[in-house]
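Now for the letters of each chain:
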Amino acid sequence: MRIPCPHCGARGSEEFLFRGAADLVRPSADASAETWHDYVHLRDNPAGQYNELWQHQHGCRRWLVVTRNTATHQIFAVVDSALRGRAA
Amino acid sequence: MSYSLLRIAREALRGGSGWTRAWRDPQPKPQYDAIVVGGGGHGLATGYYLAKEHSLTNVAVLEKGWIGSGNAGRNTTIIRSNYLLPGNEPFYEHSMKLWEGLEQDLNFNTMVSQRGVLNLFHSDAARDAAARRGNAMRLHGVDAELLDTAGVRAMLPLLAFDAARFPIKGGLLQRRGGTARHDAVVWGYARAADRRGVDIVQNCEVTGIRVANGQVQGVETTRGFISAAKVGLACAGHSSRVAAMAGLRLPIESHVLQAFVSEGVKPMLDTVVTFGAGHFYISQSDKGGLVFGGDIDGYNSYAQRGNMPLVEDVAEACVALLPQTSRLRVLRSWGGIMDMSMDGSPIIDRTPVGGLYLNAGWCYGGFKATPASGWCFAHTIARDQAHALNAAMRLDRFATGAVIDEKGAGAQPNLH
């Protein structure tokens, strides 16, 4: 699997660190235990398109949001997570 | 038809004309007392024990493909009960005891081979951890032996003992561990369940779960609606997707685990060995091929195939432990989809939906658990409460904090 890093170009997945779901929003410190449980443990886990966090650990070291098909490993889009944050 | 030596002799004289199919191919009935979703090892064992232990025979096991097409055919066939924690160890030991009597119980040769499972260690810290685990096992009445370097060398002189980076300092041995024939396990359970009246329905994919007033009503399938007051989900790998049909969101991610078989060679390895410095386990099948595997690929996946970096990682560990394998060719490799739970331990429990039960989260350790998983899940479904053996394997343990964290590493979906 090769991931097209927006800064470094297409690189092998072994250069990247996988960090899981990108769309989880960290609750505030005083949020309820249920909200925290939801954030820490529960996942959508779809078979299909999924937004994931990958860090280009052995490259530019940027955190990236990779939109990938979990059933085929096809990658649709990769954006720098900082830019994505600004756009949203 | 019972299988026996006498039967084989008789059929040999009759040219095999008396053999019949091992289990029926029934049309699904419109209504069952209980439905098990998923015809893998765990689902079939559940069907079998529902009939055998709880006299429930109006039961169907629904399988979307054919028996043996999923993870039952995608594992490394290792059986063991060398767990640490009280929430796990009695359960896995029960499984081991069921393995030990399985062939007589099922009247099917599941080729259970208690050739031993040896977990190597390569440092003082790892020796301490192995001793602790071995002591925990013995406190639960399970066999465990701590071997020093000489003890391991006497068993397996072919290992790379004096490797500069990871010299072998000893190992934790469970002699009662070993392997079983993965296909025979599902065939044996399917046939034994069928003989007790359970319907094994293949090519019947569940597409929806009908719930009314918080109670399960039955399942929508590719072969029509089937009504049942009790529905058990045993579809690890795809648990999240199936549970979502009933509105549940699980503490599980699906990941791909690869495994490999080499070309057949003469007998060289008469036990199961795990490399303690990397994540690697290997045994030799009765056909002569080395069966081995390593870690999960490390990203969410429903594709039943992995990627090259992990292949390289596993090959490196293999050659580090067994240098003489460096020129062996790999015959086959495959990937299976694992329910990675957030604490590395499974779930066998009721769910917030009445009549809906969940058997999930097996990470990549489900094969060895097959008999006890079915046994405990059948108990949970039939009695509507957990047995003492699976009492800790609760769905709500992540919310309450009562996790079964074998590794002591906190919440992440890459544990085992």
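Treat the numbers as computed from the prediction; the structure is a model and nothing was measured.

**Notes on the sheet that holds strand β4 (residues 49-55) of chain A**
All names here are of chain A.
Then, number 1: A sheet is described by the order of its strands in space; here four strands give the open sequence β3-β4-β5-β6, paired in antiparallel fashion. Of all strands in the sheet, those with a lone pairing partner are β3 (17-21) and β6 (75-80), marking the two edges. Sheet twist, expressed as the average angle between the axes of neighbouring strands with direction ignored, equals 25°.
Then, number 2: Pairing of strand β5 (residues 63-69) with β6, which is carried by five bridges, proceeds in the antiparallel orientation.

**Side note on the packing of aromatic side chains**
Then, number 1: Counted by the stated rule, this structure contains 16 aromatic pairs over all chains.
Then, number 2: Their ring planes at 70° and their centres at 5.0 Å tell us that A:F18 and A:W54 sit as a pair that is edge-to-face. Taken together, the residues A:F18 in strand β3 and A:W54 in strand β4 connect sequence positions 36 residues apart.
Then, number 3: Of the residues examined, A:F18 reaches a relative accessible area of 15% and is grouped as buried.
Then, number 4: What makes A:W54 buried here is its relative accessible area of 2%.
Then, number 5: Seen from their ring centres, B:Y83 and B:Y92 are 3.9 Å apart, and the 5° between their planes marks the pair as stacked. Each member of the pair B:Y83 and B:Y92 is classed as buried.
Then, number 6: Feature note: the residues A:F16, A:F18, A:W54 and B:Y299 constitute an aromatic cluster, connected by ring pairs.
Then, number 7: Over the aromatic face of B:F161 sits the side chain of B:R153, whose NZ or CZ is 4.4 Å from the ring centroid.
Then, number 8: Seen from the ring of B:F225, B:R210 lies directly overhead, with NZ or CZ sitting 3.6 Å from the centre.

**Considerations on a negative patch on the surface**
Then, number 1: The grouping of A:E14, B:E312, B:D313 and B:E316 at the surface amounts to a negative patch.
Then, number 2: Overall, the relative accessible area of 36% leaves B:D313 in the partly exposed class.

**Remarks on the interface of chain A and chain B**
Then, number 1: Contacts between the two partners involve 22 residues from chain A and, on the opposite side, 22 residues from chain B.
Then, number 2: Each partner contributes to the roughly 2000 Å² buried at the junction of chain A and chain B, and carbon and sulfur atoms together form 52% of this total.
Then, number 3: The largest contributions to the chain A side of the interface with chain B come from A:H41, A:N45 and A:H73, which together make up 31% of the buried area.
Then, number 4: At the boundary of chain A and chain B, one finds three salt bridges.

**Brief notes about the pattern of salt bridges**
All names here are of chain B.
Then, number 1: Counted according to the given criterion, the structure contains 27 salt bridges over all chains.
Then, number 2: With a closest N to O distance of 3.8 Å, D162 and R153 form a salt bridge.
Then, number 3: In this structure D162 comes out as exposed when scored by relative accessible area, which is 66%.
Then, number 4: By relative accessible area, R153 is classed as partly exposed at 39%.
Then, number 5: Between E263 and R329 there is a salt bridge; the shortest N-O distance is 3.1 Å. Of the two residues, E263 is situated in strand β12 (residues 252-264) and R329 in the loop between α9 (308-321) and β16 (330-341); the sequence distance between them amounts to 66 residues.
Then, number 6: Here R329 falls in the exposed class, since its relative accessible area comes to 58%.

**Focus: the nonpolar core**
Residue and element names in this part refer to chain B.
Then, number 1: Ranked by internal contacts, the top residues of the largest apolar core, which has 50 residues, are L44, Y49, L50, F91, W99, Y189 and I200.
Then, number 2: Mapped onto this core, the elements with two or more residues apiece are β1 (31-37), α2 (41-54), β2 (59-62), α3 (89-100), α4 (102-106), α7 (182-195) and α10 (366-383).
Then, number 3: Of the residues forming this core, the biggest block, eight residues, is contributed by α10.
Then, number 4: Every residue in contact with F91, bar those within four places of it in the chain, is listed here: I348, W362, A369, A372, S373, C376, L389 and M393.
Then, number 5: Listed in part, the 30 residues of the second largest apolar core include V37, V201, A228 and L248.

**Quick look at the sheet that holds strand β4 (residues 117-121) of chain B**
Residues and elements named next belong to chain B.
Then, number 1: With respect to topology, eight strands assemble into an open sheet ordered β5-β6-β4-β13-β14-β15-β12-β16, the strand pairing being mixed. Either end of the sheet is taken by a strand with one partner, and the two such strands are β5 (145-148) and β16. Between one strand axis and the next, the sheet turns through 25° on average, direction left out of account.
Then, number 2: Bridge count for strand β14 (residues 280-284) against strand β15 (residues 289-300) is four bridges, and the pairing is antiparallel. Bridge pairing links I282 to F292 in β15.
Then, number 3: The strands that helix α5 (residues 124-139) touches are β4, β5 and β6 (170-174); relative to β6, the one it contacts most, it runs at about 15°.
Then, number 4: Taken strand by strand, α9 contacts β4, β12, β13 (272-275), β14 and β15, and its axis lies near 140° from that of β15.

What counts and how
Residues numbered from 1 in each chain as written. Chains lettered and ligands numbered in written order. Predicted model: local features only at pLDDT ≥ 70, side-chain atom pairs only at ≥ 80, totals over all residues. Heavy atoms only, no water. Pairing = 2+ DSSP bridges. Helix = DSSP H or I, 4+ residues; strand = E, 2+ residues; numbered from the N terminus. Axes fitted to C-alpha atoms, helices over the stretch in contact; angles between N-to-C directions. Phe/Tyr/Trp six-rings, centres within 6.5 Å; stacked < 30°, edge-to-face > 60°. Buried < 20%, exposed > 50% of the residue type's maximum accessible area, 1.4 Å probe, protein only. Lys NZ or Arg CZ within 6 Å of the ring centre and 35° of its normal. Patch = residues over 30% accessible without salt bridge, like charges linked within 9 Å, V, L, I, M, F, W, Y side chains within 5 Å. Areas by Shrake-Rupley, 256 points an atom, 1.4 Å probe, with all protein chains shown as cover. Salt bridge = Lys/Arg side-chain N within 4 Å of Asp/Glu carboxyl O. Lys, Arg positive; Asp, Glu negative; His and termini not counted. Charge placed at Lys NZ, Arg CZ, Asp CG, Glu CD. Contact = heavy atoms within 4.5 Å. Buried area = accessible area lost by both parts, 1.4 Å probe. Core = buried A, V, L, I, M, F, W, Y, C linked by side-chain atoms within 4.5 Å.

On their own, these measurements won't tell you what the molecule is for.
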